[in-house]
Amino acid sequence: MARAQGLIEQVIRQRADQHPDATWLKWKDEEVPWAQVLSCAQRAANGLLDLGVRPGDRVAILMGNRPEFLWAHLGILFIGALSVPVNISQRGPTLQHILRDSSAAAVVLHEDLRDALLAVRGELPSLRHTVVVDGKPGDGIDWDFDRLMDGADREPEVDLDEPTGGVGLMYTSGTTGPPKGVVATRYDLAPLQVLLKASGVQPGETMYTPLPLFHGNALLVSAIGSMVLDAKLALAERFSASRFFDDCRRYQAVEFNTLGGMISILLKQPPRPDDADNPVRVVLSAGCPPDRWEEFERRFGLRIIEWFGMVDAPGVLLNTEGRVGSMGKAIAGVEYRVVDDQDRPVGPGVVGELVFRHPKGQMTYYENRADATEEAYRGGWFHSGDLTECDREGFFYYRGRKTESMRRLGENISAWEVETVLNGHPQLTESAAHAVRSELGEDEVKVVVVAQPGEGPSPEALLDYCRGRMAHHAIPRYVEFVDELPKGGTQRVQYGLLKQRGITPQTWDREAAGYRVGRD
């Protein structure tokens, strides 16, 4: 019986057969053709089998943007394991939670993150294997990446009854709780294919992304999407506003994706005479500030297509009509509607929670969280947690988050992940984290803290404590010390009151103080 192949594996084999010497990946000064893509995927797959990874195992990837991330991810898919991309900023309790909750049997990591992994490895009973990129074995690390890539360059000998899809197990920030792992029971690429078709990218053209591969946007829309389109992928190590459009020119990119404040950040760059002299035709944007939309299109000579999607459940809203400020309309047979707190549909112009359902029914669940899965899919509709309204023409508009989560620099941040670290500080009694609106159109993180009796830490000392213990993007900008947190009758923090107070004369601002947060 022929070995079952996943969709992505089939696409790669087809491309390598059709035009083995044609480029898929552009990385710095390198160009990687399809034949080499297949070779790297097969070698990584067989290397993982040699290491002891088996179909169904979870393999975490803990590294930034680089080709090795892609080869590890594809190798995992080729053997029917589940790839678990992990945000490289995570440290301490949150990193431990993700690796433990996912039951990761192996981790492929970059040397820069060795200490972060080793700091939590003692709490990871399922972890059996570790592979390091740009480092050497020893000190808790089993193999280096070169040894992994010594695997045989042939189709892996493993039976796949149900091959995995394009991503695997991805963790999305909770609201006030820990991150939740999203597992897909089935895959439907129809919404993605409609989105990709709307981009107008043609075979052989280049898509550019500086967004992190540990997010679904870069991994699914840009990397996997470019494969499906038979396009090329230009990958940058990280987002740089000053180099962004020069990279687009260098790689002749006709498309890129943006998240949140990226558009505002790019507009803050000093104007150049050649701003519109670039090859980009279209931007797939998620969260473009309405007041920056037309300015961005004019200045850089391109077109914005706004869209909305979630890792948590399949479905896409798409705005191809240039309706400024709109997330778009429903596509590909996925139904969307806006409901009140009793899950009753509301009429046009009324703000409520965005819910949606796929024609094939429920297709995802939260790892080890049957309660959260049941709550999210109550009534057969997935509840997004996003507040929206819909006009009479079926266009949806974003109106904020229903829950106490924050979004900064394109990253979701839960109050839990910030508070868990702060509450471990020996001089603090308790803390509460909440969002403050940013001038870039996203959120800044404010923490309200209660110190132990006696002298508490300075705001600078508190942020020093946060560094290395939480993701850099989650480190608070604002700090305020109070005698007690506002609480209701059940002793739950009243986040609404804190958000209503916002910035007060007693609030310390790290930017005004000149405190800088680097990427540890």
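Calculation notes
- Residues numbered from 1 in each chain as written.
- Predicted model: local features only at pLDDT ≥ 70, side-chain atom pairs only at ≥ 80, totals over all residues.
- Heavy atoms only, no water.
- Helix = DSSP H or I, 4+ residues; strand = E, 2+ residues; numbered from the N terminus.
- Rg over C-alpha atoms; globule rule 2.2 N^0.38 Å.
- Buried < 20%, exposed > 50% of the residue type's maximum accessible area, 1.4 Å probe, protein only.
- Contact = heavy atoms within 4.5 Å.
- Areas by Shrake-Rupley, 256 points an atom, 1.4 Å probe, with all protein chains shown as cover.
- Lys, Arg positive; Asp, Glu negative; His and termini not counted.
- Charge placed at Lys NZ, Arg CZ, Asp CG, Glu CD.
- Pairing = 2+ DSSP bridges.
- Axes fitted to C-alpha atoms, helices over the stretch in contact; angles between N-to-C directions.
- Polar contact = N/O pair within 3.5 Å; in protein donor to acceptor, adjacent residues only side chain to side chain.

Concerning the overall build of the chain
When helices and strands are tallied, the chain shows 16 helices and 27 strands. A compact globule built from 520 residues should have a C-alpha radius of gyration of about 24 Å, and the chain, at 23 Å, falls within 12% of that. Counting only C-alpha atoms, the chain reaches 65 × 55 × 50 Å along its principal axes. In the chain, buried positions account for 57% of the 520 residues. Looking at the chain alone, contacts between residues at least 24 apart form 68% of all its contacts between residues at least 6 apart. Total accessible area on the chain is roughly 21,500 Å²; 46% of this is exposed by carbon and sulfur atoms. Taken as two groups, the 58 positive and 74 negative side-chain charges of the chain have centres that lie 2 Å from each other.

Looking at the sheet that holds strand β19 (residues 364-366)
With respect to topology, 3 strands assemble into an open sheet ordered β8-β9-β19, the strand pairing being antiparallel. Only two strands of the sheet have a single neighbouring strand rather than two, namely β8 (169-172) and β19. For this sheet, the mean inter-axis angle between neighbouring strands, taken without regard to orientation, is 30°.

As for the side chain of S199
By the element assignment, S199 lies in helix α7 (residues 190-199). A polar contact is formed between the side chain of S199 and the backbone nitrogen of V201, at a distance of 3.3 Å.

Looking at the environment of H473
You can see H473 is positioned in the loop between α14 (459-466) and β26 (478-481). According to the relative accessible area criterion, H473 is buried, its value standing at 2%. Placed 36 residues apart in sequence, H473 and R437 show a C-alpha to C-alpha distance of 15 Å. Not counting chain neighbours up to four residues away, the residues in contact with H473 comprise N87, S89, R408, L409, E411, N412 and I413.

Quick notes on unusual backbone geometry
Here S103, not a glycine, exhibits a phi torsion of approximately 55°, which is positive. Relative to the helices and strands, S103 is located in the loop between α4 (92-101) and β5 (104-110). In this structure S103 comes out as partly exposed when scored by relative accessible area, which is 36%. One non-glycine residue with positive phi stands out, namely Q252, at about 55°. Position of Q252 among the secondary structure elements: in the loop between α9 (244-251) and β12 (253-259).

Let's talk about the side chain of S222
Assignment of secondary structure puts S222 in helix α8 (residues 216-229). A distance of 3.2 Å separates the side chain of S222 from the side chain of N257, its partner in a polar contact. Each residue touching S222, except ones within four places of it in the same chain, is listed here: M207, T209, N217, L233 and N257.

Looking at the sheet that holds strand β27 (residues 508-509)
In space, the 4 strands of this open sheet follow the order β24-β25-β26-β27, with mixed pairing throughout. Of all the strands in the sheet, the pair left with one neighbour each is β24 (428-437) and β27. Direction of pairing for strand β25 (residues 443-451) relative to β26: parallel, over a ladder of 4 bridges. Its bridge partner being in β26, V447 is matched across the sheet by V479.

Take it as geometry only, folks, not as evidence of what the structure does.
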